[in-house]
Structures are given as structure tokens and as C-alpha cells.
Amino acid sequence: LVQLSRMTWHRSVRAGGRIFGPGEEPLLVANIVSGVVRLSRSLGDGRTQIVGLQFAPEFIGRPFAENGNILAEAATDVELCCFSKPQFEALLQAHNGLHELLTQRMIHDLDQAREWMLLLGRKTALERVATLLLLCAERMGVQSDSGKSDENCLSFQLPLSRTEMAEFLGLTLETVSR
């Protein structure tokens, strides 16, 4: 922990700001302290697909991997706790326990990707939107509004526009709006 804390720095990224992009060799990896990061891929013809959302306190970056094909942008204002990628990789190699924790995190991310494949392949439009709303509410730590008369009332700021929701869910803008 002492070594890890010596190599950290904080970085703020405004909503819409780029964190790293496809074809780049990101020189950092990071934990999300606050906010939501949008991960997307682009096709050669310019079409874009949102392929993931990362919430605090999740990890972004690719230790031990060459440049990727993912664009990471701040969906909301984001605060990152950053680590130099080479230093972080050296620390992982020196401490098996830390390496194991990162591996467990990646397995969890893989499981989430498989769940998302199920959502896109088998769920109805209504179920897709409901799943996204539930995901955001759970991951953003949404609390009940104490000032409301209905104790079951929740409110939170969605980190995506309707267009981005449609892209992420494989739906049309009109369907999401309905």
C-alpha cells in the first residue's frame, strides 16, 4: 500500500472529456474515485457503439496489454486515482496478492460482459431499459428521496443521453424515448 500510494496522482476529467483512446498506448491505469466512464468502439465507417460503463470504484486501463481499441470518455465529471502503467505493472509482478485481486476484477468484468450479451440478445426493449436504469441506480449508490411522500421513490441523474442509451442498448432513439 505504501508503494502504491507513492505512485498515485489524481486527475479530474469533465463530462465528455477523453481519458484514453483507440490505438494509443495509455501510460496510465486508474481507479474511478467518482463519476461514470463511458467505453466505446468505432467502426471504420464512423458508427460508434457504447460497449460499457465503468462506475466508482472500478478500475480502467489494460495492464500488461498493448494499446487497445476502446475509447474511454467521462460520461459525467470524473475523478480518477491514476497510476503510471509501467510502475503499476512492476508492482503487480512483485506482489502476487495484488495481481490476484486484479485478476478477480477482470473475471468479474468478463461475467458482466456476458450478462450484457444476454441483455442484448434476449431481453425485450422494456427489459433492456429497465436493466440499464437498475444498473445505474445500483452502481451510483442511489438513495431514496427523503423529502418525497412515497418511500419507494428514487431519483438520480442518468449518465447517458437518450441517444447514448439507445446505442448502448441496441435500440432506436424512439424506442428508448417511449
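Model, not experiment: these values are computed from the prediction.

**Let's talk about the nonpolar core**
- One finds Leu53, Trp116, Leu132, Leu160, Met165, Phe168 and Leu169 to be the most contacted residues of the largest nonpolar core, which totals 17 residues.
- With 4 residues, the single largest contributor to this core is helix α5 (residues 162-169).
- Aside from chain neighbours lying at most four places away, what touches Leu169 is Trp116, Leu119, Leu120, Arg128, Val129 and Leu132.
- Of all hydrophobic cores here, the second largest spans 14 residues; its members include Val13, Ala30, Ala74 and Leu80.

**Observations regarding empty space enclosed by the protein**
- As enumerated under the stated definition, the model contains 1 cavity of 30 Å³ or more in all.
- In this structure, the largest cavity spans a volume of roughly 30 Å³.
- Lining the largest cavity are Phe20, Gly21, Pro22, Glu24, Pro26, Arg62, Gly68, Asn69 and Ile70.
- For the lining of the largest cavity, the residue count by class is 4 nonpolar, 3 polar and 2 charged.

**Considering the packing of helix α4 (residues 125-139) against α5**
- Orientation of α4 relative to α5, taken along the N-to-C sense of each, is 110 degrees, at an axis distance of 11 Å. Between α4 and α5, the angle falls in the class roughly perpendicular. At the point where α4 passes α5, the crossing takes the right-handed sense. Counted together, Arg128, Val129 and Leu132 of α4 and Met165, Phe168 and Leu169 of α5 form the full contact between these two elements.
- A class-by-class count of the residues in the contact of α4 with α5 yields 5 nonpolar, no polar and 1 charged.

Rules behind the numbers
Residues numbered from 1 in each chain as written. Predicted model: local features only at pLDDT ≥ 70, side-chain atom pairs only at ≥ 80, totals over all residues. Heavy atoms only, no water. Core = buried A, V, L, I, M, F, W, Y, C linked by side-chain atoms within 4.5 Å. Buried < 20%, exposed > 50% of the residue type's maximum accessible area, 1.4 Å probe, protein only. Helix = DSSP H or I, 4+ residues; strand = E, 2+ residues; numbered from the N terminus. Contact = heavy atoms within 4.5 Å. 1 Å grid on protein atoms, 1.4 Å probe; cavity = no way out; pocket = protein on both sides within 12 Å on 5 of 7 lines; lining within 4 Å. Points joined across faces, edges and corners; volume = space filled by probe spheres on them. Nonpolar A, V, L, I, M, F, W, Y, C, P; charged D, E, K, R; others polar. Axes fitted to C-alpha atoms, helices over the stretch in contact; angles between N-to-C directions. Parallel < 35°, antiparallel > 145°, perpendicular 65-115°, else oblique. Left-handed = near helix turned anticlockwise from the far one by under 90°.

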